[in-house]
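# Working through the structure, step by step
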Amino acid sequence: MEIQDLLTECETKADKTIETFKRNLASIRTGRASTSLLDRVTVEYYGTPTPINQVANVSAPEPRLITISPWDRSMLGEIERAVLKSDLGLNPNNDGTIIRLEIPQLTEERRRELSKKVSKEAEEAKVAVRNIRRDNNDTVKKMEKKKEITEDDSKEAQSKIQKITDTKIKMIDEIKEKKEKEVMEV
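First, a word on scope: everything that follows refers to the structure included in this document. Nothing here was measured: the structure is a model prediction, and the numbers come from that model. Note on numbering: residues in each chain are counted from 1, in written sequence order. Selection of residues for local features in this predicted model requires a pLDDT of at least 70, selection of side-chain atom pairs for listing and counting requires 80 or more, and totals for whole chains, interfaces and linings are taken over all residues. Remark: hydrogens and water are excluded; side-chain values derive from all non-hydrogen atoms of the structure.

### Some thoughts on the overall build of the chain
Here a helix means four or more residues in a row that DSSP labels H or I, a strand means two or more in a row labelled E, and each is numbered from the N terminus. Scanning the chain from N- to C-terminus turns up four helices and six strands. What you see in the chain, going N to C, is helices and strands ordered as α-β-β-β-β-α-β-β-α-α. Atoms counted for the radius of gyration: C-alpha only. Globule rule: 2.2 Å times residue count to the power 0.38. In terms of overall size, the chain is more extended than a compact globule, its C-alpha atoms giving a radius of gyration of 22 Å where 186 residues would be expected to give roughly 16 Å. Taken along its principal axes, the extent of the C-alpha atoms in the chain is 70 × 40 × 25 Å. The classification of residues rests on relative accessible area computed with a 1.4 Å probe and restricted to protein chains. Under 20% of the type maximum is buried, over 50% is exposed, and intermediate values are partly exposed. With 186 residues in all, the chain has 39% of them scored as buried. Using a 1.4 Å probe, the Shrake-Rupley method yields the accessible areas, and only the shown protein chains count as cover for residues. Roughly 11100 Å² of accessible area belongs to the chain as shown, and the carbon and sulfur atoms make up 47% of that amount. Within this scheme the basic residues Lys and Arg register as positive and the acidic residues Asp and Glu register as negative, but His and the chain ends are omitted. Taken as the charge location is NZ of Lys, CZ of Arg, CG of Asp or CD of Glu. For the chain, the separation between the mean place of its 36 positive charges and that of its 36 negative charges on side chains is 2 Å.

And the structure:
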């Protein structure tokens, strides 16, 4: 494996970590309705756990309302149960054709809890990025030990890996700050 390939792989893995982090943050609700809140909620569909947005039309027609209209009406009860079981804390209102989810105003205490959850998600993403750094540095050290690369190449590669890590961690911090601001907004 060449050093450039290693650096590209390091960057790709770090980007995937950031994408996962963004997806996880999307499911943390703020005071306004967003269809992405339901991204991690799944229902049993023919014995397979399936995301709600793959069995129903999910929309946010108003700032504090999400509507779910299943393509198959027999799924209404299953979707309702899945939403109740999720950690979203929302009460579904089922009228027989559509499910409405009213997004309540967040209390100060709930905002702080959500802010802590955002911080925890950010910390997990940073740990993942640091693990990628460690794994790549180990690979570079092994390459140096096997005399596949020189000591200077090894140091340069480790320096580049550190730069990638620093950049990605800075991105995670920026995303985290933006989301915390969104959560604390009244």
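Here the narrative resumes, following the displayed structure.
### Let's talk about the pattern of salt bridges
Between Lys or Arg on one side and Asp or Glu on the other, a salt bridge is scored when a side-chain nitrogen of the former is within 4 Å of a carboxyl oxygen of the latter. In total, this model carries 16 salt bridges according to the counting rule given. With a closest N to O distance of 3.8 Å, K22 and E19 form a salt bridge. Within this pair, K22 and its partner E19 are both found in helix α1 (residues 3-26), separated by three residues, close to a single helical turn. The class for K22 is partly exposed, based on a relative accessible area of 38%. When the shortest N-O distance is used, the salt bridge between R81 and E78 registers 3.3 Å. Residue R81 and its partner E78 are both found in helix α2 (residues 76-85); the two are separated by three residues, about one turn of the helix. The class of R81 is partly exposed, set by a relative accessible area of 48%. Each of the salt bridges in this network shares a partner with another, and the network as a whole consists of E11, D15 and K168.

### Details of α1
For α1, which comprises 24 residues, the first-to-last C-alpha distance of 35 Å matches the rise-based estimate of 34 Å (1.5 Å per residue) to within 8%. Of the positions making up α1, those classed as buried are I3, L6, L7, C10, A14, T17, I18, F21, N24 and L25. A helix's residues, less one, multiplied by 1.5 Å, set its expected span.

### Overview of the nonpolar core
Nine residue types can take part in a nonpolar core, namely buried Ala, Val, Leu, Ile, Met, Phe, Trp, Tyr and Cys, and a core is a set of them joined through side-chain atoms within 4.5 Å. Formed by 21 residues in total, the largest nonpolar core has its most connected members in L38, I52, I66, I68, I79, V83 and L101. Elements that contribute at least two residues to this core include exactly β3 (56-62), β4 (65-70), α2 and β6 (99-102). Per-element tally for this core: the top contributor is α2, with four residues. The next biggest cluster of nonpolar side chains, apart from the first, holds 14 residues, and it includes L106, V129, I172 and I175.

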